[in-house]
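# Analysis of the macromolecular model
The chain contents come next:
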Amino acid sequence: MAEVFADAASVDLAPIRLVDPDGSPTAEDRYSRDLPPETLSWLYELMVVTRGLDSEFINLQRQGELALFASCRGQEAAQIGAAACLRKTDWLFPQYREIGAFLLRGITPAQMGAVWRGKWHGGLGFTERCCAPISIPIGTHGLHAVGAAMGAQRLGEDSVTLAFLGDGATSEGDAHEALNFAAVFNAPCVFFIQNNGWAISVPVSHQMAAPSIAHRAIGYGMPGIRVDGNDVLACYAVVADAAKRAREGGGPTLIEAITYRMGPHTTSDDPTRYRSEVEVAHWAALDPIDRYRTYLQGIGVWSERLEERVTARSKRVRAELRESVVGADDFDVGEMFDTVYHDITPDLVRQREQLRDELAKEA
Amino acid sequence: MTQIIERPPMHGDDVPEPRGPILTSLPQSPTLTMAQAINRALHDAMAADDRVLVFGEDVAVLGGVFRVTEGLAETFGEQRCFDTPLAESGIVGIAIGLAIRGFVPVPEIQFDGFAAPAFDQMVSHLAKYRMRTHGDVDMPVTIRIPSFGGIGAVEHHSESTESYWLHTAGLKVVVPSTPSDAYWLLRQAIVSRDPVIYLEPKRRYWTREVVDTSTPALPIGRAGVRRIGTDVTVLTYGSLVATALSAADLAEQHGWSLEVVDLRSLNPLDFDTVADSVRKTGRAIVMHEGPRTLGFGAELAARIQEELFYDLEAPVLRATGFDTPYPPARLEKLWLPGPDRLLDCVERAMGQP
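Summary of the structure given here. (Residues numbered from 1 in each chain as written. Chains lettered and ligands numbered in written order. Predicted model: local features only at pLDDT ≥ 70, side-chain atom pairs only at ≥ 80, totals over all residues.)

### Section: the overall build of chain B
- Within chain B, the secondary structure is distributed over 12 helices and 14 strands.
- Here the C-alpha atoms of chain B give a radius of gyration of 20 Å, agreeing with the 20 Å that 2.2 N^0.38 yields for 353 residues.
- Judged by the C-alpha coordinates and their principal axes, chain B covers about 60 × 45 × 40 Å.
- When the 353 residues of chain B are sorted by exposure, 57% land in the buried category.
- Within chain B, counting contacts between residues at least 6 apart in sequence, those at least 24 apart form 79% of the total. (Helix = DSSP H or I, 4+ residues; strand = E, 2+ residues; numbered from the N terminus. Rg over C-alpha atoms; globule rule 2.2 N^0.38 Å. Buried ≥ 20, exposed ≤ 12 C-beta atoms within 10 Å, placed from the backbone. Contact = placed C-beta atoms within 7 Å.)

Quick look at the structure:
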């Protein structure tokens, strides 16, 4: 295995691209862009609905209903393409910005909104959809994806795990340990690094001196692939290929998806302090949804009817989020004691009683 | 209800002995060293539940640097007992991923001092995972850490880490002091659906006793009285239980009767047993190896004065290590709390400074 990827030339700096920014198909012939029309429409729907949901999250934060939100605007193609090619039983290990992937898995706006509302950490019910809770510490969950992949090996499954990491995460020691463990154990794990240009205010050029994030794969003895992260079909195809290899026992892959975080790091951030309007405008012109719509129009898959359906669903999902968040009940305080341990400790029982007594006195 | 545990044999407490080979078919009540008892517990746990996995640095082919995992890879195969790359955060990180998929990981951190690289995974994820998933995902992970000092080791091989874990909600912490307790606490930790940090007092690895592997000892969450006394309660755990028992022999010569409580389980803590003893004696001394400031002794002293103030005849005292980094091996005997430091506290508690 290792010698195959031990050459810097094995990583192509030019990202895989199946659809050009102007919406026309590229000459790339190593990967297929031929998906059934219903799959193509589904991807479009997911991207549009994700963007609508993202906007609603921001609105709700601005209206004081949510404590914080981390927008994925601009990264819809990357995260939806990566998650869409997998099976429902393949585990996802998200960072925290992957609402497109959550939506795809059937995680409801209410379940996602719980995090940003401050209702509960991690999200609600994610694991029922084979998706780990969101991970606020950066890059630490890559190891969980590797462990889960090692579990799949031991269960005799042909499932894969997908770890979503960012460019900043690749500087963390745990990202290194995850990549190395995955390679050593030949774990069926795909590392999907969304290189969105910025780790809050620090650009990728300050995270590493390597030619690219994908080049790091050489040191781990696994394939490293760069993909245009604003090209949903390229992301789909590259992850599908890596997942297929992993299922067949071919081990992990490091994929760097080059994309851009159009919004601030979170609603608490002010990106005008560290990046230029020119840069943002450059990436706005490379918008993944506009590109994909133009492509679908070109191949005759887009229609007014599709647009109406997609717009209607976006509206419904936005309303669902708003309804689930505005005035939502908090959990009973007992939950914060009862969920810590499977077998609660006597000390926690006493502390729970203490809080109940405090509340009873206030009432 | 106070549970009396017979005093363990003192033979070989401080002198490492060569061990015999691990037998694949052991009698139910063999005489085992603590290291062998832990090995036997791992064997039995892996045999009882095929979801149990043992992994870490040098645990498979070598059988562990203390040979505690000897024979596991041969018996259960490399899928269930395997060597990992040298990366402690990675070891705990994959344990979490394996637990998500329904496995029961029992990773080893080779030495106490090397738990530090795994701190983030243990504190930010392992401890919080159940709560973060609103109780949907249990973390039945038992992390074994050969711990504490007294073996003449180099730096970073003699640390007391329990306070870090005890200050982290979501982790249970147990420390055996005898081979029997080592066996049963580990079996119970592995069966537990919660993450358990299992600290092995490595200077007692070679103490021997008959271990009854058919009848469970006290569960996690229960302390045991190792010696009954009337004047002073000594609260301790792990390697210092034997030290406290020797000090109790010496104290008897001065006419002081020490009751030695082996805490065994630091979280959950059996404060009822502590309270029963302190109410009886009116005096409490906490003894632990780790530095004094914010050691477990601080918590116990606070708790005893909060709940038992009017039962006390003397302030709660602490016989501990010092607030220095663990010293070089040639100085460790002076640093570690021994019978003398404990007896100084006993004198003070008895009003004879």
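### Section: the packing of helix α1 (residues 37–62) of chain A against helix α2 (residues 76–84) of chain A
Residues and elements named next belong to chain A.
- Where α1 contacts α2, the two axes come as close as 10 Å, and the packing angle between them is 135°. In terms of orientation, α1 and α2 fall into the oblique class. Crossing of α1 over α2 shows right-handed handedness. Touching Leu43, Leu46, Met47, Thr50 and Arg51 of α1 are Glu76, Ala77, Ile80 and Ala84, all from α2. (Axes fitted to C-alpha atoms, helices over the stretch in contact; angles between N-to-C directions. Parallel < 35°, antiparallel > 145°, perpendicular 65-115°, else oblique. Left-handed = near helix turned anticlockwise from the far one by under 90°.)

### Looking at the interface of chain B and chain A
- On the chain A side, the residues contacting the 34 residues of chain B number 35 residues.
- Taken together, the elements giving at least two residues each to the side of chain B that touches chain A come down to α3 (88–100), α4 (119–126) and α5 (129–132) of chain B.
- A class-by-class count of the residues in the side of chain B that touches chain A yields 13 nonpolar, 13 polar and 8 charged. (Nonpolar A, V, L, I, M, F, W, Y, C, P; charged D, E, K, R; others polar.)

### Topic: the sheet that holds strand β6 (residues 224–228) of chain A
Residue and element names in this part refer to chain A.
- Read across the open sheet, the 5 strands follow the order β1-β2-β3-β7-β6; overall the sheet is parallel. Across the chains shown, the open sheet's two edge strands, defined by having one partner strand only, are β1 (91–93) and β6. With direction set aside, neighbouring strand axes in the sheet form an average angle of 20°.
- As defined by bridge partners, strand β2 (residues 161–166) adjoins strand β3 (residues 189–195) across 6 bridges and the pair is classed as parallel. Bridge pairing in β3 places threonine 161 opposite cysteine 189.
- Relative to β2, helix α5 (residues 142–155) is tilted by about 170°, and along the sheet it contacts β1, β2 and β3. (Pairing = 2+ DSSP bridges.)

### Concerning the pairing of β6(A)
All names here are of chain A.
- In terms of residue burial, β6 counts as a mostly covered element, since 5 of its 5 residues are buried.
- Of the pairings in the sheet, the one linking β6 to strand β7 (residues 253–258) comprises 5 bridges and is parallel in character. Its bridge partner being in β7, arginine 226 is matched across the sheet by glutamate 256.
- Each parallel crossover has a hand, and the one from β6 via helix α8 (residues 232–247) to β7 is right-handed. (Right-handed = clockwise from strand over helix to strand, strands pointing away.)

### So, unusual backbone geometry
Residues and elements named next belong to chain B.
- For the bond from asparagine 267 to proline 268, the omega torsion is 0°, close enough to zero to count as cis.
- Along the chain, proline 268 falls in the loop between β12 (265–267) and α9 (271–281).
- Positive phi is not limited to glycine here, since arginine 264 has a value of about 60°.

### Some thoughts on the packing of α5(A) against α3(B)
- Between α5(A) and α3(B), whose axes approach to 6 Å, the crossing angle comes to 55°. With respect to each other, α5(A) and α3(B) are oriented oblique. As α5(A) runs across α3(B), the sense of the crossing is right-handed. Residue-level contacts link A:Leu143, A:His144, A:Ala145, A:Val146, A:Gly147, A:Ala148, A:Met150 and A:Gly151 of α5(A) to B:Gly90, B:Gly93, B:Ile94, B:Ala95, B:Ile96, B:Gly97, B:Leu98 and B:Ile100 of α3(B).
- Partitioned by chemical class, the residues of the contact of α5(A) with α3(B) number 10 nonpolar, 6 polar and no charged.

### Considerations on the environment of A:Thr50
Residues and elements named next belong to chain A.
- Topologically, threonine 50 is positioned in helix α1.
- Distance from threonine 50 to serine 24, taken between C-alpha atoms, is 23 Å for residues 26 residues apart in sequence.
- Excluding anything up to four places from it in sequence, threonine 50 contacts Cys72, Glu76, Ile80, Ile99, Gly100 and Leu103.

### Some words on α4(B)
- Within the span of α4(B), buried status applies to B:Gln121, B:Met122, B:His125 and B:Leu126. Buried residues of α4(B) fall within an arc of 115° about the axis and therefore sit on the same side.
- On its buried face, α4(B) is in contact with α5 of chain A together with α3 and α5 of chain B. (Arc of directions from axis to C-beta.)

### Some points on the nonpolar core
- Grouped together as the largest cluster of nonpolar side chains are 202 residues, with contacts concentrated most on A:Ile255 and B:Ile285.
- The leading source of residues in this core is α8(A), at 11 residues.
- Filtering out sequence-adjacent residues up to four positions away, A:Ile255 remains in contact with A:Val190, A:Phe191, A:Phe192, A:Ile193, A:Ile225, A:Val227, A:Val238, A:Val239 and A:Ala242. (Core = buried A, V, L, I, M, F, W, Y, C linked by C-beta atoms within 7 Å.)

### What about α2(A)?
- Where burial is concerned, most of α2(A) is hidden: 9 out of the 9 residues are buried.
- Along α2(A), the residues that are buried comprise A:Glu76, A:Ala77, A:Ala78, A:Gln79, A:Ile80, A:Gly81, A:Ala82, A:Ala83 and A:Ala84.

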